[in-house]
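So the chains spell out like this:
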Amino acid sequence: MKFSDETLLAYLEGDLDRDTASAIEDAVAEHAELESRLMALDPIAPMVQTAFENVPAKAPVIDLPEPEPAPIAGPSPAMGIGRLLAVAASVSVIAVSATFWATRPEPMGWAEQAAIYQSLYAPETVAALDPSPEALDAQFAQAEEQLGRSLNRDVLETLPGLDLKRAQILSFKGKPLIQVVFADAQGQPLAFCVIRQGPGAPAKNVEHAVLSGLATATWAQDGYGYILMGSDADSPLEGNLDILTTSFAS
Amino acid sequence: MDVDLNSEQAVRGAIQTHSKRVWRFALSLSGASDIADDLLQATCLRALERHHQVTSTARLDSWLMTICRSIWLNEIRSRSVRKAQALSVTPEVELISQDADAETNIFAAEVFTKVMELPEAQRETVMLVFVEGYSYREAADILGVPIGTIMSRLSNARQKLKSAIQPDEAGSDRRSGK
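In this text, all values refer to a predicted model and were calculated from it rather than measured experimentally.

Basis of the calculations
- Residues numbered from 1 in each chain as written.
- Chains lettered and ligands numbered in written order.
- Predicted model: local features only at pLDDT ≥ 70, side-chain atom pairs only at ≥ 80, totals over all residues.
- Heavy atoms only, no water.
- Contact = heavy atoms within 4.5 Å.
- Salt bridge = Lys/Arg side-chain N within 4 Å of Asp/Glu carboxyl O.
- Polar contact = N/O pair within 3.5 Å; in protein donor to acceptor, adjacent residues only side chain to side chain.
- Helix = DSSP H or I, 4+ residues; strand = E, 2+ residues; numbered from the N terminus.
- Pairing = 2+ DSSP bridges.
- Axes fitted to C-alpha atoms, helices over the stretch in contact; angles between N-to-C directions.
- Buried < 20%, exposed > 50% of the residue type's maximum accessible area, 1.4 Å probe, protein only.
- Arc of directions from axis to C-beta.
- Disulfide = S-S within 2.5 Å.
- Expected span 1.5 Å × (residues − 1).

Draft legend 1. Here's a closer look at the interface of chain A and chain B. The partner chain B presents 60 residues to the 52 residues of chain A that form the contact. Our count for the chain A to chain B interface comes out at 3 salt bridges. A salt bridge links B:Arg158 to A:Asp42; the nearest nitrogen and oxygen atoms lie 2.8 Å apart. The tally of links between chain A and chain B comes to 15 residue pairs in polar contact (both at pLDDT 80 or more). Secondary-structure elements contributing two or more residues to the side of chain A that touches chain B are helix H1 (5-12), helix H2 (18-30), helix H3 (32-41), helix H4 (45-52), helix H5 (81-103) and helix H8 (133-147) of chain A. Of the residues forming the side of chain A that touches chain B, the biggest block, 9 residues, is contributed by H5(A).

Here it is as structure tokens:
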């Protein structure tokens, strides 16, 4: 059974009848990819995460017994090679666990999250969307209000080879993230996303990467972050990328 | 010998890396920061005693969470029964960082208070999934319940948190300064 984003959002908002909600819960238990999709759409989670991210403000104090062999405050002439190796091992273990921490899914950046979400789009997803002018009018008005800037709809509607399908409001750590979906001539889904990062956010030049199996280009400017995502790892982005970087420069 | 040395050091490294997360989880279980301090301390000592059990360093964070919860349920909860039963937990809003601007702080404090007012089962689930980023599946493993229970706890929690959060209305009001 397939669930649209709208249905999943209605579940997260608590607006579904009990039977449909149960059907979603059963399907999530079966399908990890549906779980990821549902989690990515959750409007509440990022805000709760933001509220707790600096709790506690300082690392808590923990009183642990001395390790054996005892740790050494600093290298001394008396330190044997075995102890040096032990210290080196201890440092490397901490580095390794820091690496595990850094590579956990949780602290992933907005671009990676957006790519994971986009990678779940199939041609059927975009074929089912309603790209009527009325629908797009409403979507763009809401999205631009959330974002606090224009989405240059006239540019997005005339990108060569792409049909504009939908603008959708998402959220990452409490920041509005707008996903604009397109279909190419073969009906494959592509997306362009804009996130409001705030006035202090650093500018970034265009960087290309393959994220979640999609060719992507990300950049940041004037407090906004941008990502263009192709339909697969080899999607050519260059032509439209030039148009977007130019039209979204202030 | 080498294995013991490495597992002990891996546990020490994990304690250092994850101490804030375990403390937050301990806060969500106990609802009080002084108990969270004790619970974190007990968790770390227990983890160190059991470092021989560690066979992989990949998921030491969830292992620490499991130990923390087990100590809470089996050893500390009954001693803190007054606080645990009352659950009119004084939301320790002063924990919210003062670094951000005033509006952000007020919003964070509202959300924090609402989360801390949730029933214990919802609170621990919200903390693992929303704050620590565990998947429903991982949270189900840590808490020893079916994934459906995780989802229904989160649904109930979302309904209660909505009044503090309401992304659309509250978000646009804050932004437009209404």
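Draft legend 2. Just the sheet that holds strand S5 (residues 214-221) of chain A, in detail. Residues and elements named next belong to chain A. In spatial order, the strands read S1-S2-S3-S6-S5-S4; together these 6 strands make up an open sheet with antiparallel pairing. For this open sheet the edge positions go to strand S1 (163-172) and strand S4 (204-211), each flanked by a neighbour on one side alone. On average, adjacent strands in this sheet sit at an angle of 15° to one another, irrespective of strand direction. Examined bridge by bridge, S4 and S5 share 6 bridges and lie antiparallel to one another. Bridging from a neighbouring strand, Val 210 pairs with Ala 215 of S5.

Draft legend 3. Up close: H3(A). Every buried residue of H3(A) is accounted for by A:Leu34, A:Glu35, A:Arg37, A:Leu38 and A:Leu41. Relative to the axis of H3(A), the buried residues are bounded by an arc of 165° and lie together on one face. The elements touched by buried residues of H3(A) are H1, H2, helix H6 (110-119) and S1 of chain A together with helix H7 (136-143) and helix H8 (147-165) of chain B.

Draft legend 4. Up close: the environment of A:Val126. Residues and elements named next belong to chain A. The topology assignment puts Val 126 in helix H7 (residues 123-127). Judged by relative accessible area, which is 2%, Val 126 ranks as buried. Once residues within four sequence positions are removed from consideration, Val 126 is found in contact with Lys 165, Val 181, Phe 182, Ala 183, Gly 187 and Pro 189.

Draft legend 5. Spotlight on the pattern of salt bridges. Overall, the coordinates contain 20 salt bridges over all chains when judged by the stated rule. For A:Arg37, the salt bridge identified is with A:Asp5, shortest N-O distance 3.1 Å. Of the two residues, A:Arg37 is situated in helix H3 and A:Asp5 in helix H1; the sequence distance between them amounts to 32 residues. Each of the two residues, A:Arg37 as well as A:Asp5, counts as buried. Note that B:Arg137 and A:Glu35 form a salt bridge whose closest N and O atoms lie 2.5 Å from each other.

Draft legend 6. Structural view of the pairing of strand S2 (residues 175-183) of chain A. Residues and elements named next belong to chain A. Most of S2 is tucked away, with 8 of its 9 residues classed as buried. In terms of strand pairing, S1 meets S2 through 9 bridges, oriented antiparallel. Note on S2: the bridge partner recorded for Ala 167 is Val 180. Once S1 ends, the chain turns through 2 residues before running back antiparallel as S2, passing Lys 173 with a positive phi of about 50°. Strand direction decides the pairing type here: S2 and strand S3 (residues 189-196), joined by 7 bridges, are antiparallel. Bridge assignment links Ile 178 to a residue of S3, and that residue is Val 194. Remark: 5 residues form the turn of the hairpin made by S2 and S3, two consecutive strands paired antiparallel; Gly 187 in that turn has positive phi of roughly 85°.

Draft legend 7. How the structure looks around unusual backbone geometry. Residues and elements named next belong to chain A. Cis peptide bonds are those with omega within 30 degrees of zero, and the linkage from Val 55 to Pro 56 qualifies with -10°. Turning to its location among the elements, Pro 56 is positioned in the loop between H4 and H5. With phi around 50°, Asp 222 is a residue other than glycine that occupies positive phi space. With respect to the element layout, Asp 222 can be found in the loop between S5 and strand S6 (224-229).

Draft legend 8. Inspection of the environment of A:Val180 at higher detail. Residues and elements named next belong to chain A. The topology assignment puts Val 180 in strand S2. Residue class for Val 180 comes out buried when judged on its relative accessible area of 0%. C-alpha separation for the pair Val 180 and Arg 166, spaced 14 residues apart in sequence, amounts to 5.7 Å. Not counting residues up to four positions away in its chain, the partners in contact with Val 180 are Phe 140, Leu 156, Leu 164, Arg 166, Ala 167, Leu 190, Ala 191 and Phe 192.

Draft legend 9. Structural view of the state of the cysteines. Counted by the stated rule, this structure contains 0 disulfides over all chains. With no disulfide of its own, B:Cys68 lies closest to B:Cys44 among cysteine sulfurs, the gap being 8.7 Å.

Draft legend 10. Region of interest: H8(A). Residues and elements named next belong to chain A. For H8, which comprises 15 residues, the first-to-last C-alpha distance of 20 Å matches the rise-based estimate of 21 Å (1.5 Å per residue) to within 8%. Among the residues making up H8, those that are buried are Ala 135, Leu 136, Gln 139, Phe 140, Ala 143, Gln 146 and Leu 147. Each buried residue of H8 lies within a common arc of 130° when the element is viewed along its axis, so the set occupies one face. What points out from H8, more than 90 degrees from its buried face, is the exposed set Glu 134 and Glu 145. Two residues or fewer past H8, Gly 148 is found with a positive phi of approximately 75°.

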